[in-house]
Amino acid sequence: MLGSPRHTGLMARSRFVGDPGLTARMTLVMFLLGGVFVALIAALMAIFASNGGVGIAMLIGLAGIGVAIYQWYSSDTVAMKAMRAREVTAQQAPELHAMIDRLCTMADMPKPRVGIADTSVPNAFATGRSPDRAVVCVTTGILGMLTAEELEGVLAHELSHVAHRDVLVMTVASSAGIAAGMLTQGAQYGMFFGGFGGNRRDNNNNGLPIWLLVLVVSLVVYAVSFVLLRLLSRYREMSADRAGAYLTMKPAALASALQKISGEINTIPHKDLRQVSAASALCIAPAVAGVSLNTLTSTHPSLEQRLEQLAGIQAELGRPTR
């Protein structure tokens, strides 16, 4: 069931099963968000040009590019800080390192750095701009809750994110939404303090306030980015479940881990969940309790969908070969 060590496109060379659907979706999302970002800058230039503020639009464009570069370069450190995690050596966490060593050997991929976050919330995530710069992090909560087989399934899931390079795509693609969010805040500031523009006029040639036009454009861009990233995020989680299950050949162990994690998260106080909420989209399970995940706004597929897929893989692996 294992794929060839060589994969094309955005997937790193490893023995994780390939997923052309994921590669196609990542490419499409990057293309669409790139187009949205260009349209955003063009619209802002048009808005500010009529008010003598072309330079402001150019500065916004440069700021957006800067956000993308920063997101790409520091994605590993940002996520680790958000989770209050620390990198650990093989001497500090020998069993965890040994398990990741074994999985990386099975997958024929570089070993990422290993981290632990001191929180009771059971979760795990992977981040980093490349397989050589990746970090796989688990929480102390998940280490104390799962069996060795279940933890192995979770780690295989996270390592598949590294091999698929979907963490990098998610990180860079989120830049359009971040830039739009910054513009939304700026537009609200302009609403209260007199608007934008080199000549400080409040209205454009059509009589509409500049801050209102900027607010509408930025909200549209943010909404498009929001929907596209969540659609990609849900698919990449299903892909990682599938790839991790085929690598370990133990989909039932991953299914059991997901059930334990989801059940435990629903019992954890909201104040503790807030610690990991900033990196929730990167985690194997969302750090959200008491809400339905069958919505367009969810970053993860529902537990039922994930368990159904893993049950199908378990049935497939259990069939006798002819």
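### Thoughts on the packing of aromatic side chains
Here's step 1: This structure, assessed with the given rule, holds one aromatic pair.
Here's step 2: Lying across the ring of Tyr-235, Arg-25 places its NZ or CZ 3.9 Å from the centre.
Here's step 3: For the cation-ring pair, Arg-230 lies above Phe-226, with the distance from its terminal atom to the ring centre recorded as 3.6 Å.

### Quick word on the nonpolar core
Here's step 1: In this structure, Phe-16, Leu-96, Met-109, Val-154 and Leu-155 are the most contacted members of the largest nonpolar core, which totals 43 residues.
Here's step 2: Listed by contribution, the elements that provide at least two residues to this core are α4 (94-107), β2 (113-117), β3 (124-127), β4 (135-139), α6 (148-164), α8 (210-248), α9 (251-265) and α11 (303-318).
Here's step 3: For this core, the leading source of residues is α6, giving seven residues.
Here's step 4: Counting eleven residues, the second-largest nonpolar core is a separate cluster that includes Ala-79, Ala-117, Cys-137 and Leu-282.

### Considering the pattern of salt bridges
Here's step 1: In total, this model carries eleven salt bridges according to the counting rule given.
Here's step 2: Across the pair Asp-19 and Arg-242 runs a salt bridge whose closest N-O atoms are separated by 2.5 Å. Here Asp-19 is found in the segment before α1 (20-49), whereas its partner Arg-242 is found in helix α8, with 223 residues between them in sequence.
Here's step 3: Relative accessible area serves as the criterion here: at 8%, Asp-19 is assigned to the buried category.
Here's step 4: Overall, Arg-242 belongs to the partly exposed group, its relative accessible area being 22%.
Here's step 5: Where Asp-118 meets Arg-86, a salt bridge forms, and the shortest distance between an N and an O atom there is 2.6 Å. Of the two residues, Asp-118 sits in the loop between β2 and β3 while Arg-86 sits in strand β1 (residues 85-87), which places them 32 residues apart along the sequence.
Here's step 6: Because the salt bridges share partners, they merge into one network encompassing Asp-166, Arg-236, Glu-237, Asp-241 and Arg-306.

### What to know about the pairing of β2
Here's step 1: Within β2, four of the five residues are buried, which leaves it mostly tucked inside the rest of the structure.
Here's step 2: Bridge count between β1 and β2: three bridges; the pairing is antiparallel. By the bridge assignment for β2, Ala-85 is matched with Ala-117.
Here's step 3: For β2 and β4, the ladder comprises five bridges, and the chain directions are parallel. In the strand pairing of β4, Val-114 is matched with Val-136.

### Concerning the packing of α6 against α8
Here's step 1: Look at α6 against α8: their axes get within 8 Å of each other, and the N-to-C directions meet at 120°. In this view, α6 runs oblique relative to α8, as classed from their interaxial angle. Of the two possible hands of crossing, α6 and α8 adopt the one that is right-handed. On the side of α6, the interface is formed by Glu-152, Ala-156, His-157, Ser-160, His-161 and His-164, while α8 contributes Arg-236, Glu-237, Ser-239, Ala-240, Asp-241, Ala-243, Gly-244, Leu-247 and Thr-248.
Here's step 2: A per-class count over the contact of α6 with α8 returns four nonpolar, seven polar and four charged.

### Overview of the environment of Ala-124
Here's step 1: Along the chain, Ala-124 turns up in strand β3.
Here's step 2: Along the chain, Ala-124 and Ala-285 lie 161 residues apart, while their C-alpha atoms are 8.0 Å from each other.
Here's step 3: Not counting residues within four places of it along the chain, the set of residues in contact with Ala-124 comprises Cys-137, Val-138, Ile-142, Val-154, Glu-158, Leu-282, Cys-283 and Ile-284.

### Topic: the sheet that holds β3
Here's step 1: Read from one edge to the other, the open sheet built from four strands follows the order β1-β2-β4-β3, with strand pairing classed as mixed. Two strands in the sheet have a free side with no partner beyond their single neighbour: β1 and β3. Averaged over all pairs of adjacent strands, the angle between strand axes in this sheet comes to 25°, irrespective of strand direction.
Here's step 2: Sheet topology note: the β3/β4 ladder contains four bridges and is antiparallel. What sits directly across from Ala-126, in β4, is Val-136.
Here's step 3: Sheet contacts for helix α3 (residues 75-82): β1, β2, β3 and β4; angle to β3, the most-contacted strand, approximately 155°.

### Let's talk about α3
Here's step 1: Of all the positions in α3, only Ser-75, Asp-76, Ala-79 and Met-80 are classed as buried. Taken end-on, α3 shows its buried residues confined to a sector of 125°, consistent with a single buried face.
Here's step 2: Two residues or fewer after α3 comes Arg-84, characterised by a positive phi angle close to 55°.

### Some points on unusual backbone geometry
Here's step 1: Despite not being glycine, Asp-108 has its phi angle at roughly 55°, a positive value.
Here's step 2: In this structure, Asp-108 sits in the loop between α4 and β2.
Here's step 3: For Met-249, which is not glycine, the phi dihedral falls at a positive 65°.
Here's step 4: Examined against the element boundaries, Met-249 turns out to sit in the loop between α8 and α9.
Here's step 5: For Met-249, a relative accessible area of 43% translates into the label partly exposed.

Conventions and cut-offs
- Residues numbered from 1 in each chain as written.
- Predicted model: local features only at pLDDT ≥ 70, side-chain atom pairs only at ≥ 80, totals over all residues.
- Heavy atoms only, no water.
- Phe/Tyr/Trp six-rings, centres within 6.5 Å; stacked < 30°, edge-to-face > 60°.
- Lys NZ or Arg CZ within 6 Å of the ring centre and 35° of its normal.
- Core = buried A, V, L, I, M, F, W, Y, C linked by side-chain atoms within 4.5 Å.
- Buried < 20%, exposed > 50% of the residue type's maximum accessible area, 1.4 Å probe, protein only.
- Helix = DSSP H or I, 4+ residues; strand = E, 2+ residues; numbered from the N terminus.
- Salt bridge = Lys/Arg side-chain N within 4 Å of Asp/Glu carboxyl O.
- Pairing = 2+ DSSP bridges.
- Axes fitted to C-alpha atoms, helices over the stretch in contact; angles between N-to-C directions.
- Parallel < 35°, antiparallel > 145°, perpendicular 65-115°, else oblique.
- Left-handed = near helix turned anticlockwise from the far one by under 90°.
- Contact = heavy atoms within 4.5 Å.
- Nonpolar A, V, L, I, M, F, W, Y, C, P; charged D, E, K, R; others polar.
- Arc of directions from axis to C-beta.

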